[in-house]
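Spelled out from the first residue to the last, the chains are:
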Amino acid sequence: MDVTTLVETKARDAREAARQLALCSTRTKNEALQQMAHGLEEKTAAILDANRGDLERARTTGVTRAFLDRLTLTDARIETMAVGLREIAALPDPVGETVEAWRRPSGLEIARVRVPLGVIGFIYESRPNVTVDAAGLCVKSGNAVILRGGSEAIESNALIAAVLAKAMEKTGAPAGAVQFVEVTDREAVGAMLAQEGLIDLIVPRGGEAFVRWVAEHSRVPVLKHDKGLVHVYVDAAADLDMATRIVMNAKTHRPSVCNALETLLVDRAVADRFLPAVAARLTEANVELRGCPETLQRVPGARPAANSDWDEEYGDLILAIRVVDGLEAAMTHIRQHGSGLAEAIVTNDLGRARRFTREIDAAAVLVNASTRLVDGHQFGMGAEMGISTSRVHARGPVGVRELTTTKFIVHGDGQVRD
């Protein structure tokens, strides 16, 4: 079977499964999610074995440390995946929720009700855990999902998807609601993007160039998980101990992910006190520092930052630092260089905090908190398909509610239009 036919067949199977899943009770969907979690735990050894094969191949290609971190599974990470599925099961079911209802003078009763989107095409790269997140969220929201992971994680993803589909089958839910495209050639991605009428939404998750390519070539609507060029601004009115904790967490907790800190902005008024101390902590954590001329005066060990550093999503233990002349200059820098995913301010000045949250345009804007908290799990959503930087349909972490749309249900007693 050629790639196009394979993908179209999976899309047709997913379309039929989506019709069935949309009619499943909340109880059935939750039982499926519980079985999926149990299946992961039961097959942990086999999944880790498959992941070792992926890691061995990846190392021979000379990939980065950050890439290997995204690819690696451990017992703890698999257990976290299982916990995430159980948390999704515990969430309220969005399907059938009445968003609003009203009665017209004519007697018509109108309600806007949540319904599944249908079939989600999820195209992603080197993080096997997102296979589980995507499948779990789609099942809870009544959607079928077609998973196409990157070649780097093919063994891990194929086994995980098979475990999840088998778990669905055990509960009477349609196993075809979790489809996996085993073909690693980009031709498979192109075939998915052409399935207008069978796939309702494409969610790409990966590097900036990859997401842009998907958006340019898709005939199906795309919800973009774009680059994460994240800033933390340390204001003159900041608690500097708090600022240090936030910066360290945002940069070093897991530097390979999209909500990690990439550029630190520091008000000139506190730069002399803050920068030498935080730079020492960052250096101890093996973070390479790249700074503006004023930063270099205070942190002699930093490398000079090039203009390109202000637009770089490192995904690694590298941090760009710039000293700015107050809140206005910080916001100007963010407007020029930010990607709209997450931005943070550290300040005890309520007026400046309010200005920052009002004037900074991003999917998430934080005050006195680490950008690493911008995450579906941390927001109480169980998991996420990604963090959308789109302004249409959904923005920010994409959870079960964001994977629904609405329809109008209208009840009358014989009304006609004059």
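All residue numbers refer to position in the chain's written sequence, counted from 1. Only residues with pLDDT of at least 70 are given local features in this predicted model, and only at 80 or more are side-chain atom pairs given and counted; all residues enter the totals for whole chains, interfaces and linings. Side-chain numbers here rest on the full set of heavy atoms in the structure, without hydrogens or water.

Enquirer: Whenever I open this one, a nonpolar patch on the surface confuses me. Can you help?
Expert: Taken together, the side chains of W102, F408 and V410 define a hydrophobic patch exposed on the protein surface, amounting to about 290 Å² of accessible area. Relative to the helices and strands, V410 resides in strand β16 (residues 404-411). Given a relative accessible area of 47%, V410 falls into the partly exposed group. Residues enter patches when their relative accessible area tops 30% and they take part in no salt bridge; the joining distance is 9 Å for like charges and 5 Å for the nonpolar side chains Val, Leu, Ile, Met, Phe, Trp and Tyr. Working definition of accessibility: Shrake-Rupley area with a 1.4 Å probe, residue cover restricted to the visible protein chains. For salt bridges, the criterion is a side-chain nitrogen of Lys or Arg within 4 Å of an Asp or Glu carboxyl oxygen. Strands are runs of DSSP state E lasting at least 2 residues, helices are runs of H or I lasting at least 4, and numbering of each runs from the N terminus. Only protein chains enter the accessibility calculation, which uses a 1.4 Å probe. A residue is then buried if its area is under 20% of the maximum for its type, exposed if over 50%, and partly exposed in between.

Enquirer: What is the right way to read the layout of surface pockets from this model?
Expert: The gaps of empty space that remain are located by a probe, the size of a water molecule, rolled over the atoms. For cavity detection a 1 Å grid was placed over the protein atoms alone, and a set of points counts as a cavity when a 1.4 Å probe fits there but cannot get out; an open set counts as a pocket when protein lies on both sides within 12 Å along at least five of seven lines, with lining residues being those that have an atom within 4 Å of a point. Grid points are joined across faces, edges and corners, and a volume is the space filled by probe spheres set on the points. The calculated volume of the largest pocket comes to roughly 710 Å³. In terms of lining, the largest pocket is formed by 32 residues, of which the most central are T80, R127, N129, R254 and D375. Of all the elements in the fold, those that place two or more residues in the lining of the largest pocket are α5 (75-90) and α6 (129-140). Per-element tally for the lining of the largest pocket: the top contributor is α5, with 7 residues. Gly counts as polar in this scheme, as do all residues outside two lists: the nonpolar Ala, Val, Leu, Ile, Met, Phe, Trp, Tyr, Cys and Pro, and the charged Asp, Glu, Lys and Arg. Split into classes, the residues belonging to the lining of the largest pocket amount to 11 nonpolar, 11 polar and 10 charged.

Enquirer: Would you explain the nonpolar core in this entry?
Expert: When a protein is soluble and globular, its nonpolar side chains tend to lie buried together. Counting 72 residues, the largest nonpolar core has M36, L40, F122, L147, L164, M168 and M385 as the members making the most contacts within it. When near neighbours in sequence (up to four residues on either side) are disregarded, M385 contacts I120, F122, A134, L137, C138, V203, R205, V398 and L403. Of all hydrophobic cores here, the second largest spans 44 residues; its members include V247, V278, A279 and A344. Here, nonpolar core means buried Ala, Val, Leu, Ile, Met, Phe, Trp, Tyr and Cys residues that are tied together by side-chain atoms lying within 4.5 Å of each other. By definition, residues are in contact when any of their heavy atoms lie within 4.5 Å.

Enquirer: Mind showing me how you'd approach the packing of aromatic side chains here?
Expert: Pairs of aromatic rings are described using the distance from one ring centre to the other and the angle between the two planes. Two rings from Phe, Tyr or Trp (for Trp, the six-membered ring) form a pair when their centres are within 6.5 Å of each other. A pair whose planes differ by under 30 degrees is stacked, one over 60 is edge-to-face, and the rest are tilted. Enumeration over the complete set of coordinates arrives at 2 aromatic pairs. Note on W102 and F408: the rings are 6.3 Å apart at their centroids and 85° apart in plane angle, and the pair reads as edge-to-face. One end of the pair, W102, is in strand β1 (residues 98-103); the other, F408, is in strand β16, and 306 residues separate them in sequence. On the basis of relative accessible area, W102 is assigned to the partly exposed category, the value being 33%. Residue classification places F408 among the partly exposed positions, given a relative accessible area of 48%.

Enquirer: Quick question: what am I supposed to make of the sheet that holds strand β7 (residues 230-234) here?
Expert: Either a parallel or an antiparallel arrangement is found when strands of a sheet pair, and the pairing is made through backbone hydrogen bonds. Each pair of strands is called paired provided DSSP finds at least two bridges between the two strands. In spatial order, the strands read β10-β9-β11-β8-β7-β12-β13; together these 7 strands make up an open sheet with parallel pairing. Bordering the open sheet on either side are β10 (303-304) and β13 (364-367), each of which pairs with just one other strand. With 4 bridges joining them, strand β9 (residues 288-291) and strand β11 (residues 318-324) adopt parallel strand pairing. Considered in β11, the bridge of L289 is made with L319. Note on definitions: angles span 0 to 180 degrees between N-to-C directions of axes, and those axes are lines fitted to C-alpha atoms, for helices only across the stretch in contact. Sitting on the sheet, helix α11 (residues 268-284) is in contact with β7, β8 (261-267), β9 and β11, with an inclination near 145° to β8. Along the sheet, helix α14 (residues 350-359) makes contact with β12 (342-346) and β13, crossing β13 at roughly 170°.

Enquirer: I would appreciate a short explanation of unusual backbone geometry in the present structure.
Expert: Note on backbone geometry: most residues besides glycine have negative phi, and most peptide bonds are trans. A positive phi angle is found at N286, which is not glycine, with a value near 65°. Turning to its location among the elements, N286 is positioned in the loop between α11 and β9. Positive phi, close to 75°, is recorded for H393, a residue that is not glycine. As for its placement among the helices and strands, H393 is situated in the loop between β14 (387-388) and β15 (396-397). The partly exposed category is assigned to H393, whose relative accessible area is 46%.

Enquirer: Please clarify how the side chain of D235 should be interpreted in this entry.
Expert: Within the secondary structure, D235 sits in the loop between β7 and α10 (240-252). Look at D235 and you get buried, because its relative accessible area is 0%. Here a polar contact is recorded for every N or O atom pair within 3.5 Å, except that within protein the pair must consist of a potential hydrogen donor and a potential acceptor, and residues adjacent in sequence are included only if both atoms are side-chain atoms. A distance of 2.8 Å separates polar atoms of two side chains, one belonging to D235 and the other to R352. Excluding residues within four positions of it along the chain, D235 makes contact with D267, V270, I345, V346, T347, D349 and R352.

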